[in-house]
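The lines below spell out each chain.
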Amino acid sequence: MLRIDDLRVNYGGIEAVKGISFEVPEGEIVTLIGANGAGKSTTLRAIAGLVKPSAGRIHFQADDITALSPDRIVSKGITLVPEGRRVFPDLTVLENLRIGAYLRNDSLDEDIKWVYDLFPRLQERSWQAAGTLSGGEQQMLAVGRALMSRPKLMMMDEPSLGLAPLVVKEIFSIIKEINRQGVTILLIEQNANMALHTAHSAFVLETGRITLSGPGKELLKNEEVKKAYLG
């Protein structure tokens, strides 16, 4: 579904991503793990069109999307749940969800029901200002908002960041359910243990390069991964 070929991204004089290549097969959950500064978020931002690569190509369903604007990329079926959730705090839950569908001009009722079925707590707080929600509820809202564009591929940047362990388990359970319902997922996650248990396949990024790859369950047993990321 998504193919990255020799992707390079510069920030000023620093090469943050140094020629990485990988694929995300349709219907799978794929995770990128690595330390802070490894280039994970930069990779997602490049795919989303938020930063421009200095070299390499990004293909989605056989289309070259390397030079497309972020709104064109969303219209192709790719959406990003950003790190830090970034909900609109003064707008209600429902208004936040509707913003996620800003490129659509059809009825949103069915998709709002889908989001509320996945996240019943959001339905309970439908008219509540998003800024008054708990961290976990804001993360649910950020995911729900991304689903409103009917993505084929959802990218998620650190969905468990700052959340209590019980909430993290709930979020990952929902990620698996979204995937079961047909959405392909590319996931960045500091909680490597949870990410590798969830993902079909995984790539380890170190200082802008992919150093290891394989099925998530296999990387859980890898001694290098255990030492560096699993404690």
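Everything below is about the structure shown above.
Residues numbered from 1 in each chain as written. Predicted model: local features only at pLDDT ≥ 70, side-chain atom pairs only at ≥ 80, totals over all residues. Heavy atoms only, no water.

## What to know about the overall build of the chain
- Scanning the chain from terminus to terminus reveals ten helices and ten strands.
- The C-alpha atoms of the chain give 17 Å as radius of gyration, which agrees with the globular expectation for 231 residues (17 Å, within 12%).
- Seen through its principal axes, the chain has C-alpha atoms that stretch 45 × 40 × 30 Å.
- Put simply, 66% of the contacts in the chain that link residues at least 6 apart link residues at least 24 apart.
- Of the accessible surface of the chain, which amounts to about 10700 Å², a share of 50% is contributed by carbon and sulfur atoms.
- Looking at charge distribution, the chain has the averaged site of its 27 positive side-chain charges lying 2 Å from that of its 28 negative ones. (Helix = DSSP H or I, 4+ residues; strand = E, 2+ residues; numbered from the N terminus. Rg over C-alpha atoms; globule rule 2.2 N^0.38 Å. Contact = heavy atoms within 4.5 Å. Areas by Shrake-Rupley, 256 points an atom, 1.4 Å probe, with all protein chains shown as cover. Lys, Arg positive; Asp, Glu negative; His and termini not counted. Charge placed at Lys NZ, Arg CZ, Asp CG, Glu CD.)

## Section: the sheet that holds strand β1 (residues 2-11)
- Spatially, the four strands line up as an open sheet ordered β2-β1-β4-β5, and their pairing is antiparallel. The open sheet has two edge strands with one neighbour each: β2 (14-24) and β5 (63-64).
- Sheet analysis places β1 next to strand β4 (residues 55-60), joined by five bridges and oriented antiparallel. Opposite Arg3, over in β4, you have His59 as the bridge partner.
- Across the sheet, helix α1 (residues 40-47) is in contact with β1, β2 and β4; its angle to β1 comes to roughly 110°. (Pairing = 2+ DSSP bridges. Axes fitted to C-alpha atoms, helices over the stretch in contact; angles between N-to-C directions.)

## Thoughts on the environment of Leu68
- In this fold, Leu68 is placed in the loop between β5 and α2 (70-76).
- Assessed through its relative accessible area of 15%, Leu68 is described here as buried.
- As for Leu68 and Lys52, which are separated by 16 residues in sequence, their C-alpha atoms are 9.4 Å apart. (Buried < 20%, exposed > 50% of the residue type's maximum accessible area, 1.4 Å probe, protein only.)

## A closer look at the side chain of Arg85
- Structurally, the position occupied by Arg85 is in the loop between β6 (78-81) and α3 (93-99).
- At 9.0 Å, Glu83 is the nearest oppositely charged side chain to Arg85, a buried residue that forms no salt bridge.
- Apart from residues no more than four positions distant in its own chain, Arg85 is found in contact with Gly135, Gln138, Gln139, Ala142, Arg145, Leu161 and Leu163. (Salt bridge = Lys/Arg side-chain N within 4 Å of Asp/Glu carboxyl O.)

## Re the side chain of Asp111
- Residue placement: Asp111 occurs in helix α4 (residues 109-118).
- There is a polar contact of 3.0 Å between the side chain of Asp111 and the side chain of Arg150.
- In this structure, Asp111 is in contact with Arg104, Met148 and Arg150, ignoring residues within four places of it in sequence. (Polar contact = N/O pair within 3.5 Å; in protein donor to acceptor, adjacent residues only side chain to side chain.)

## Describing the pattern of salt bridges
- Going through the model one piece at a time under the given rule, you end up with 13 salt bridges.
- The salt bridge involving Arg150 is made with Asp111; its shortest N-O contact spans 3.0 Å. Linking Arg150 in the loop between α6 (135-147) and β7 (153-157) with Asp111 in helix α4, this pair joins segments that are 39 residues apart in sequence.
- Looking at Asp111, the relative accessible area reads 6%, which means it is buried.
- With a closest N to O distance of 2.9 Å, Lys113 and Asp117 form a salt bridge. Placement of the pair is Lys113 and Asp117 together in helix α4, with a separation of four residues, close to one helical turn.
- Using a relative accessible area of 52% as the deciding quantity, one classes Lys113 as exposed.
- Among the ionic contacts, a cluster of salt bridges with common partners joins Asp6, Arg8 and Glu15.

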